[in-house]
Every structure is written in C-alpha cells, then in structure tokens.
Amino acid sequence: SKTGREGKASSTLGYMSSMGYSPHVPAKHALHRMSCVLLCITILLYGINDHIFFPPTMHTPGFNEENKTKPGITCEVESTDEGLTTELQLDCLPVHEPADTGQ
C-alpha cells in the first residue's frame, strides 16, 4: 500500500464570499468541496493524506494587477489585511519543505 501527501491551495473565498469577489467564489468553493471528497477517497483507498490551504491575501503580481480594477469598497475592507508572501504561505503547507527566506 502506498502512502503520501497531496496539497492544494484555494483562498479564503473557498469558505465565504466577500464584496468584489463574486466571480471568484464558485471556483474557490468547488475546489474546497472537491478536496473534501478526495480527502475521504484518498485516505480510505490509498493512504494518501490530502490537504487544502485557504490563504488570505497573497502578495503576487496577479494581486497587484487585480488591485488596479478592484472596487473601492473591497480595497477598504482589505486595508487591514497585511497578507502573506508566497514563500510564507508555502511554509504553511505540510507537503512543502520550509522556504529559505534568509531570515
């Protein structure tokens, strides 16, 4: 019997909607639900532990581009969210070795 781990990343939108993000919510929620089903199947049949990560704001080039057209109210709601770098978020996933950030 093989064992292993698998990881996926969604976002906080996998749990809930937020102003300005309605177009993204269905896909993020679908990933969440698919991961729940796969978790049951992979653990029961194959011994593979399936994880899904729901990060908050991710500081990426796509996020910076998104902010150019994001509704003002959404920017205001997010104004207190410091967000995380990609490296710090990868460190949260159990299937990834900690990133060397030089700190």
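Rules behind the numbers
- Residues numbered from 1 in each chain as written.
- Predicted model: local features only at pLDDT ≥ 70, side-chain atom pairs only at ≥ 80, totals over all residues.
- Heavy atoms only, no water.
- Pairing = 2+ DSSP bridges.
- Helix = DSSP H or I, 4+ residues; strand = E, 2+ residues; numbered from the N terminus.
- Right-handed = clockwise from strand over helix to strand, strands pointing away.
- 1 Å grid on protein atoms, 1.4 Å probe; cavity = no way out; pocket = protein on both sides within 12 Å on 5 of 7 lines; lining within 4 Å.
- Points joined across faces, edges and corners; volume = space filled by probe spheres on them.
- Nonpolar A, V, L, I, M, F, W, Y, C, P; charged D, E, K, R; others polar.
- Expected span 1.5 Å × (residues − 1).
- Buried < 20%, exposed > 50% of the residue type's maximum accessible area, 1.4 Å probe, protein only.
- Patch = residues over 30% accessible without salt bridge, like charges linked within 9 Å, V, L, I, M, F, W, Y side chains within 5 Å.
- Areas by Shrake-Rupley, 256 points an atom, 1.4 Å probe, with all protein chains shown as cover.
- Salt bridge = Lys/Arg side-chain N within 4 Å of Asp/Glu carboxyl O.
- Contact = heavy atoms within 4.5 Å.

Novice: With reference to specific residues and values, describe the pairing of strand β2 (residues 48-53).
Specialist: Pairing of strand β1 (residues 4-9) with β2 involves six bridges; the strand directions are parallel. For Lys8, the partnering residue across the bridge sits in β2 and is Ile52. Following the backbone out of β1, through helix α1 (residues 25-46) and into the adjacent parallel β2, one traces a crossover that is right-handed.

Novice: Please give an account of the environment of Cys36 that cites residues and values.
Specialist: Tracing the backbone through its elements, the reader meets Cys36 in helix α1. For the pair Cys36 and Asp50, spaced 14 residues apart in sequence, the C-alpha to C-alpha distance is 8.5 Å.

Novice: Hey, could you go over the layout of surface pockets for me, with residue numbers and the actual values?
Specialist: Space inside the largest pocket adds up to approximately 510 Å³. Lining the largest pocket are 20 residues; nearest its centre among them are Ser11, Leu13, Tyr21, Pro56 and Thr57. Residue assignment for the lining of the largest pocket shows that the elements contributing at least two residues are α2 (61-66) and α3 (72-78). Looking at the lining of the largest pocket residue by residue, the classes come out as nine nonpolar, seven polar and four charged.

Novice: Residue-level account of α1, with values.
Specialist: Taking 1.5 Å as the rise per residue, α1 with 22 residues should run 32 Å; its terminal C-alpha atoms sit 30 Å apart, in good agreement. For α1, every residue scored as buried is listed here: Val25, His32, Ser35 and Thr42. Two residues or fewer after α1 comes Gly47, characterised by a positive phi angle close to 70°.

Novice: With reference to specific residues and values, describe a nonpolar patch on the surface.
Specialist: A contiguous nonpolar patch, built from Val37, Ile41, Leu44, Leu45 and Tyr46 and spanning about 550 Å² of accessible area, is present on the exposed surface. Within the secondary structure layout, Leu45 lies in helix α1. The class of Leu45 is exposed, set by a relative accessible area of 59%.

Novice: How would you summarise the pattern of salt bridges if you had to cite specific residues and measurements?
Specialist: Within the structure shown, the criterion is met by three salt bridges. For Lys70, the salt bridge goes to Glu66, with nearest N and O atoms at 3.4 Å. Across the pair Glu78 and Lys70 runs a salt bridge whose closest N-O atoms are separated by 2.6 Å. Both residues of the pair, Glu78 and Lys70, count as buried.

Novice: Give a detailed account of the side chain of Glu78, specifying residues and quantitative values.
Specialist: Mapped onto the elements of the fold, Glu78 is located in helix α3. Glu78 has contacts with Tyr21, Phe63, Asn67 and Lys70, leaving out every residue within four places of it along the chain.

Novice: Please set out the environment of Glu82 residue by residue, giving values where relevant.
Specialist: Positionally, Glu82 belongs in the loop between α3 and β4 (84-85). Using a relative accessible area of 71% as the deciding quantity, one classes Glu82 as exposed. Each C-alpha atom, one on Glu82 and one on His59, is 9.2 Å from the other, the two residues being 23 residues apart in sequence.

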